[in-house]
Amino acid sequence: MELYNEIIEKLDGLLGKSEPKRYEYNENKCWEDVGSHQLIMTRESAFELGGDNKPAVNFSCVSSSDYADKDEVLVYGKDLQELNSSASFARLVVLKVAELKGENDTDTEPLFRAIQDIDFVKYHVFPKGYMVRTSSDSFREQVRVSKDAVKSGISFEKIGNTYIRQYKKNPNILAVKVIFVTAEDADYDTMRADAKKTQEITKALSKILEGMSTDCHSCSLKPICDEVEGMKELHFGKEKKEFNQK
Ligand code: SF4
C-alpha cells in the first residue's frame, strides 16, 4: 500500500536540520485523556502551538513500507516544557498496515479499517490541558496548552503515546510513528501542501474502498487517480474481487 509513498519518502527532509528526540512507545507514559472536549481559556493558557498565525500542520497517512517500523514518537525542535510562547507546529502520523500482495491481493478490509481510524483517532483523543482546534480545511491543527498541564509535566512523548494507544486498538495497524515538529527551520509550507494531497488521497481511497463504480470517464476522482500511482490498480482489483463473489 504505497499510495502515500511520494509524500513519505521526502518527509524527513522537511523536518529541520536538528536531530530528533526519539521515544519508543510506552503505554505507561501516556498523558491523561479526559474523554471529551475541554475548554482552556486564554488566561489559563501557557502558549499555543500554531498560535499568532504561525504554521500548524497536521496529516496522517498509511503505508506498508518500513518508514513506520515500530511504535514511536519523534520530536523535532523544542518540547512542551521548553516553550513559553507561540510556536510553529506540525503533528504528522504514519500508520503501518500489512502489504497488499500484488494486483491479485484484493483483501482491502484491513486497509479500509486503518483509513477510517485516521479521522476517528484525530477526533477521539482529548489530552488533559491540551486543547486541539482544527480548522475547516482540516489540515490545520492548533493546540492551546494549559499552564497546569505544563506544571504537571506534559510532554510530546506523553501526548504521542496517548495517540498511539488509541491507534493500537485497531489490530490492522501494525505500527504507528507520531512526529511532532516545532523546529523553526522546518518546511511547513511543503508540509501543508502535502497535508492537502494526503487528504485528497485519503478521500479518494475511502470512496474506492466503500465500493463506487469503476467508470473513470465520469469519475470526479480522476485527477487524483491519474496522479497517484496504484490508485486505479487498487480500485480495479477490488472491483474484480466483488465481481467474483457474486
Ligand atoms: S480508478 Fe477510475 S473510477 Fe476508480 S476512483 Fe479512480 S478515476 Fe474513479
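Keep in mind it's a predicted model, so treat the numbers as computed, not measured.

Looking now at the overall build of the chain. In terms of helices and strands, the chain carries seven helices and eight strands. Taking 246 residues into account, the globule formula puts the C-alpha radius of gyration at 18 Å, and the chain, at 19 Å, falls close to it. For the C-alpha atoms alone, the extent of the chain along its principal axes is close to 60 × 35 × 35 Å. Counting all 246 residues of the chain, 39% fall into the buried class. Counted over contacts in the chain with a minimum sequence separation of 6, partners at least 24 positions apart contribute 87%.

This part is about the sheet that holds strand 4 (residues 72-76). In spatial order, the strands read 1-4-8-5-3; together these five strands make up an open sheet with mixed pairing. Here the strands that pair on one side only, and so sit at the sheet edges, are strand 1 (21-24) and strand 3 (56-63). The mean angle between the axes of side-by-side strands here comes to 15°, regardless of whether they run parallel or antiparallel. Across seven bridges, strand 5 (residues 89-96) lies against strand 8 (residues 175-181) in antiparallel orientation.

Once that is clear, we can look at unusual backbone geometry. Unusually for a residue other than glycine, Asp 52 sits at a positive phi of about 55°. According to the C-beta neighbour criterion, Asp 52 is exposed, with 10 such atoms within 10 Å. Positive phi outside glycine occurs at Asn 53, with the angle close to 60°. Within the secondary structure layout, Asn 53 lies in the loop between strand 2 (45-49) and strand 3.

Below, the discussion takes up the sheet that holds strand 2. The strand order 2-7-6 describes an open sheet built from three strands, whose pairing is antiparallel. Each end of this open sheet is capped by a strand with a single partner; those strands are strand 2 and strand 6 (130-134). Mean inter-strand twist for the sheet, computed between neighbouring axes without regard to direction, equals 20°.

Here Tyr 76 shows up in strand 4. Once residues lying within four places of it in the same chain are set aside, the contact partners of Tyr 76 are Leu 15, Gly 16, Ser 18, Pro 20, Val 181, Ala 183 and Ala 186.

A few words on the site of the ligand. The full set of residues close to the ligand is Ala 204, Ile 208, Thr 214, Asp 215, Cys 216, Cys 219, Leu 221, Lys 222, Cys 225, Met 231, Lys 232 and His 235. Class assignment of the residues belonging to the shell around the ligand gives a composition of seven nonpolar, two polar and three charged.

With 23 residues, helix 5 (residues 188-210) extends 32 Å from end C-alpha to end C-alpha; this agrees with the ideal 33 Å at 1.5 Å per step. Restricting attention to buried positions, one finds in helix 5 the residues Tyr 188, Met 191, Asp 194, Ala 195, Thr 198, Ile 201, Ala 204, Leu 205 and Ile 208. Gly 211 occupies a position one or two residues after helix 5 and carries a positive phi of about 100°.

Right, let's talk about the pairing of strand 5 for a bit. Within a regular strand, the side chains alternate between the two sheet faces. With respect to burial, strand 5 is a largely interior element, eight of its eight residues being buried. Side chains Phe 89, Arg 91, Val 93 and Leu 95 project from strand 5 onto one buried face, and the interleaved Ala 90, Leu 92, Val 94 and Lys 96 project onto a second face that is buried too.

What follows deals with the pairing of strand 7 (residues 141-146). Extensive coverage of strand 7 is indicated by the burial of six of its six residues. Burial along strand 7 is two-sided: Glu 141, Val 143 and Val 145 and Gln 142, Arg 144 and Ser 146, pointing in opposite directions, are all buried. Sheet topology places strand 2 next to strand 7; four bridges connect them, and they run antiparallel. By the bridge assignment for strand 7, Glu 48 is matched with Arg 144. In the sheet, strand 6 pairs with strand 7 via five bridges, with the strands oriented antiparallel. Note that in strand 7 the partner of Val 132 across the bridge is Val 143.

Attention shifts here to the packing of helix 2 (residues 109-122) against helix 5. Running from amino to carboxyl end, helix 2 crosses helix 5 at an angle of 135°, the nearest separation of the two axes being 10 Å. In terms of their interaxial angle, helix 2 and helix 5 are classed as oblique. In the crossing of helix 2 with helix 5, the sense of the turn from one axis to the other is left-handed. Contact residues: helix 2 offers Leu 111, Phe 112, Ile 115 and Ile 118, while helix 5 offers Thr 202, Leu 205, Ser 206 and Leu 209. Considering only residue class, the contact of helix 2 with helix 5 consists of six nonpolar, two polar and no charged.

Thresholds, definitions, all that
Residues numbered from 1 in each chain as written. Predicted model: local features only at pLDDT ≥ 70, side-chain atom pairs only at ≥ 80, totals over all residues. Helix = DSSP H or I, 4+ residues; strand = E, 2+ residues; numbered from the N terminus. Rg over C-alpha atoms; globule rule 2.2 N^0.38 Å. Buried ≥ 20, exposed ≤ 12 C-beta atoms within 10 Å, placed from the backbone. Contact = placed C-beta atoms within 7 Å. Pairing = 2+ DSSP bridges. Axes fitted to C-alpha atoms, helices over the stretch in contact; angles between N-to-C directions. Near = placed C-beta within 6 Å. Nonpolar A, V, L, I, M, F, W, Y, C, P; charged D, E, K, R; others polar. Expected span 1.5 Å × (residues − 1). Parallel < 35°, antiparallel > 145°, perpendicular 65-115°, else oblique. Left-handed = near helix turned anticlockwise from the far one by under 90°.

This is a description of form; function is not addressed.
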